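Examination of the molecular architecture
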Amino acid sequence: MIQHPAFTVEPWAVRERHLDLDLLAQTESVFALSNGHIGLRGNLDEGEPYGQPGTYLNSVYELRPLPYAEAGYGYPESGQTVVNVTNGKLIRLLVDDEPFDVRYGTLHEHERVLDLRAGTLTRRAHWSSPTGGELRVTATRLVSFTHRAVAAIHYEVEPVDRARGVVVQSELVANETVEYPGDDPRAAAALESPLVLEENVAATDGVAVMVHSTRASRLRVAAAMCHDIDGPEGTRIEADGGGDVSRVTVATRLEPGQRLRLVKFFSYGWSAKRSRPAMHDQVVAALAAARLVGWEGLCADQRRFLDRFWAGADVEVEGDAEVQQAVRFGLFHLVQASARLENRPIPGKGLTGSGYDGHAFWDTEIFVLPVLTYTHPRAAADALSWRKSILPMAEDRAAQLGLRGAAFPWRTINGEECSGYWPAGTAAFHINADIADAVTRYVDATEDTRFERDTGLPLLVATARLWCALGHHDAEGRYRIDGVTGPDEYSAVADNNVYTNLMAQQNLREAADAAARHFDQAQQLGVTMEEAAAWRDAATMMFVPYDERLGVHPQSEGFTRHAVWDFAATKPEQYPLMLHFPYFDLYRKQVVKQADLVLATQLRGDAFTPQQKARDFAYYEALTVRDSSLSACTQAVIAAEVGHIELAYRYLGEAALMDLDDLEKNTVDGVHLASLAGAWIALVAGFGGMRAARGRMCFAPKLPSGITRLAFRLRYQGSLLRVDVTPGSTTYRLMDGPPLTLTHHGEELALDGQPVTRRIPRAPAPELRIRQPPGREPAPRRPN
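So, here's what we can say about the structure. The shown structure was predicted, so the numbers you read here are calculated from the model rather than taken from an experiment. (Residues numbered from 1 in each chain as written. Predicted model: local features only at pLDDT ≥ 70, side-chain atom pairs only at ≥ 80, totals over all residues. Heavy atoms only, no water.)

Moving on, we get to the overall build of the chain. Scanning the chain from N- to C-terminus turns up 17 helices and 34 strands. For the chain, the C-alpha radius of gyration of 27 Å lies close to 28 Å, the compact-globule estimate for 784 residues. Dimensions along the principal axes, computed over C-alpha positions, put the chain at roughly 90 × 60 × 55 Å. The 784 residues of the chain split such that 63% are buried. Intrachain contacts of the chain at a sequence separation of at least 6 include 68% that bridge at least 24 residues. When the accessible area of the chain is evaluated, it comes to approximately 28,600 Å², of which 48% is carbon and sulfur surface. Looking at the chain, you have 81 positive and 101 negative side-chain charges, and the mean spots of the two groups are 3 Å apart. (Helix = DSSP H or I, 4+ residues; strand = E, 2+ residues; numbered from the N terminus. Rg over C-alpha atoms; globule rule 2.2 N^0.38 Å. Buried < 20%, exposed > 50% of the residue type's maximum accessible area, 1.4 Å probe, protein only. Contact = heavy atoms within 4.5 Å. Areas by Shrake-Rupley, 256 points an atom, 1.4 Å probe, with all protein chains shown as cover. Lys, Arg positive; Asp, Glu negative; His and termini not counted. Charge placed at Lys NZ, Arg CZ, Asp CG, Glu CD.)

Okay, structure coming up:
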């Protein structure tokens, strides 16, 4: 077993052998459990010490004012911040009147294990109190994939040396104190006591219920708990509660060899409309269903759910054990973030922390949904259905801006724009094309015509209308989209951002094609033949700037004429640049926070020649500082495509280990879901060379020296495909479903039962030298 900086490296688990309080905040995010509806940070059971406590319900937020030194028309009036709701994880322990607190006494052993196949977090501790009371504690928790509203903890205590008096206090606690240190704009805004108590029913009849409401957003939140307790004769159980605390106390005396076992079931529900009694009854009913199944049943259901997921999603990596662990860790967090969405968003941090205030961004559609589309497509459909549900708000926002169609929010929880900085928020209209791209990919991969008609078509039509309102034909007939912000956040309000224009072009074409396929539904949306023709015309005439002098595409019109950032004078401690330099200066220079033009070469590869991709990649490598976790995976994909295989491997390591190694020192705020998705993207789209569109999957596999074998599974058009790549050959196997036609390095292959193996052609050496800004080179991979 290989030793990792914080965790041991093993294929199906993330294991912490020793408790390091300096890493507690990071590990709380890494060990977080979720099902897309409930999120529990990996806090210690006893609640203290902690880095940041956190219990979240998807889309439960509080409103807060957005102050402006100078207000302007169309500025959002309110921000939204995810609420740390009632904490049901708390189980406090006292031994001979001494609280179990790892900061005191002697911690002989401490281990936590996130089991990626069981879907559980298990903790084992061997501790002696300051007065010598020695005991062992074992706790396993889960957030159920099959019971959407339920989480559970199996908690066990046993004395080691002699008889001990043991007291366990299981609690529900609301309005915990949460501190957000530092001035990093990526962290969450502080909320003080956001929950107002409406009801606290103590567990005198076995079930404790607390109901609160948020002060400004007026959401009602209910939590409940009940217990199965197994202790020696004489064990006493009491229940009490008041204010924001409800408690069940279990007291007993344990002889050596005896154990106190407690199974805690707790449930959550929230609503903007339902009454207090209705919410009360809802969480009580959820507990009844969970207790009917019992702890063992919940664990069995959890394993079955994950067995089905891994059967269609697993990635095998031989030669690099760290990447093997990391890609499975990433996939596990992706399925956690999306398993039970049911018309809710996927926030940038999932439900693992409060970073970015719990908002959802464009990276859901561009990084997370591609992975889910090919591994767990139902979740991708759920996320896009949420976009459809907020379409009326996006249409209202477009009207406020004087535009037709829909202007989806740059960052949001409930569907309303809450970015207070319009150059990097409202102006980033590419999010609308990103949503359309996700719709197009999902429909291509699933052939779900009902989804396309009912959900996809309205999204495609509304976003196409936006591009026709936002752009215009110039005197030469070219279609221009001026004054917008692309993915790179170190540039803003530019004309003809190549990424935006190409993604809008695809959006317009796909909307016209979908309207033709669903003519009656399109008519109900008001689409006329003239409007669809205008979409096609705008797409045909879309302006894509090109710098003939340099032989590259400028990120946006005129970008390559800007002064280049003085990288030589920038000190290592001045990264990320946004925390040390004014945006005014960044916007005027050639410096790239994250892949922008290079992302366009990945997602719209059909719009570039191989030579253009190679030259564009080389040019932007020298400008890209990767101050965003969204960049490395894209650079990995294109580096692999243009022949820089070992560089791609370095970028893979950065994307994959973003949170396990806490590379940006902000995993405390939650895991970086898009970067975790990026590990899969770098492996499958990068080294697997996978591209898919218009009913055909294409592969161009190649491996770096540190990976001796790569295998992955994909779901496509009702089939389950397995791809096995070695340095010299690739084997394609149809695991399930109808026959499938694909291409391998341009050769068409038909799969129907028997595996097909093809040689990997030798890749020519790249012609262009690649360099990064000084000090911003990706770290070398040293595979274990």
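Now for the layout of surface pockets. In this structure, the largest pocket spans a volume of roughly 1,100 Å³. Lining the largest pocket are 40 residues, and of these T440, Q506, A692, A693 and R694 lie nearest its centre. Sort the elements by how many residues they give to the lining of the largest pocket and helix α7 (residues 430-446) lands first, with six residues. In terms of residue class, the lining of the largest pocket is built from 18 nonpolar, nine polar and 13 charged. (1 Å grid on protein atoms, 1.4 Å probe; cavity = no way out; pocket = protein on both sides within 12 Å on 5 of 7 lines; lining within 4 Å. Points joined across faces, edges and corners; volume = space filled by probe spheres on them. Nonpolar A, V, L, I, M, F, W, Y, C, P; charged D, E, K, R; others polar.)

The α-helix advances 3.6 residues per turn, and as a result positions three or four apart in sequence lie on the same side. If you check helix α16 (residues 645-656), its first and last C-alpha atoms are 16 Å apart, about what twelve residues at 1.5 Å a residue would give, namely 16 Å. Within α16, ten of the twelve residues are buried, leaving the element largely enclosed by the surrounding structure. (Expected span 1.5 Å × (residues − 1).)

With that settled, consider the sheet that holds strand β31 (residues 729-736). The five strands lie next to each other as β22-β29-β30-β31-β34, forming an open sheet whose pairing is antiparallel. Looking at which strands have only one partner, the edges of the open sheet turn out to be β22 (315-318) and β34 (756-759). Sheet twist, expressed as the average angle between the axes of neighbouring strands with direction ignored, equals 15°. Bridge count between strand β29 (residues 709-716) and strand β30 (residues 719-725): seven bridges; the pairing is antiparallel. Bridge pairing links F712 to V723 in β30. Its contacts with the sheet place helix α17 (residues 673-687) against β22 and β29, and it is angled at close to 95° to β29. (Pairing = 2+ DSSP bridges. Axes fitted to C-alpha atoms, helices over the stretch in contact; angles between N-to-C directions.)

A few words on the side chain of T373. Relative to the helices and strands, T373 resides in helix α4 (residues 363-375). Of the polar contacts made by the side chain of T373, one reaches the backbone oxygen of L369; its length is 2.7 Å. Ignoring sequence-local partners within four residues, the contact set of T373 consists of A380, R441, Y442, A445 and R715. (Polar contact = N/O pair within 3.5 Å; in protein donor to acceptor, adjacent residues only side chain to side chain.)

Formed by 220 residues in total, the largest nonpolar core has its most connected members in Y155 and W680. Counting residues per element, this core draws most heavily on α17, which supplies twelve residues. Non-local contacts of Y155, meaning those with residues more than four positions away in its chain, are made with D45, I91, L93, F100, V137, T138, A139, V168, L260, R261 and L262. By size, the runner-up hydrophobic cluster in this structure holds 18 residues, among which are A222, V263, L287 and W295. (Core = buried A, V, L, I, M, F, W, Y, C linked by side-chain atoms within 4.5 Å.)

Moving on: empty space enclosed by the protein. According to the stated counting rule, one finds seven cavities of 30 Å³ or more in the structure shown. Within this model, the second largest cavity holds a volume of roughly 70 Å³. G42, N43, L44, D45, R112, L121, T122, R123, A139, T140, R141 and I153 together form the lining of the second largest cavity. The residue inventory of the lining of the second largest cavity, partitioned by class, reads four nonpolar, four polar and four charged.

All told, the structure shown has 21 aromatic pairs when counted by the stated rule. A ring pair is formed by F266 and Y268, whose centres lie 6.1 Å apart and whose planes are at 80°; its orientation type is edge-to-face. Across this residue pair, the class does not change: F266 and Y268 are buried. Residues W362 and F367 carry aromatic rings whose centres are separated by 5.8 Å and whose planes lie at 70° to one another, so their mutual orientation is edge-to-face. Here W362 and F367 have matching classes, each one buried. (Phe/Tyr/Trp six-rings, centres within 6.5 Å; stacked < 30°, edge-to-face > 60°.)

Turning next to the sheet that holds strand β6 (residues 55-57). Neighbouring strands of a sheet are bound in pairs by backbone hydrogen bonds; such pairs are parallel or else antiparallel. Spatially, the three strands line up as an open sheet ordered β4-β5-β6, and their pairing is antiparallel. Strands with a single pairing partner mark the edges of an open sheet, and in this sheet they are β4 (33-34) and β6.

Quick look at the pattern of salt bridges now. Working definition: two side chains of opposite charge can pair if their charged atoms are close together. All told, the structure shown has 63 salt bridges when counted by the stated rule. Salt-bridge contacts for R164 lead to D161; the nearest nitrogen and oxygen are separated by 2.7 Å. Residue classification places D161 among the partly exposed positions, given a relative accessible area of 38%. Notably, a salt bridge pairs R536 with D513, separated by 3.0 Å at the nearest N-O pair. (Salt bridge = Lys/Arg side-chain N within 4 Å of Asp/Glu carboxyl O.)

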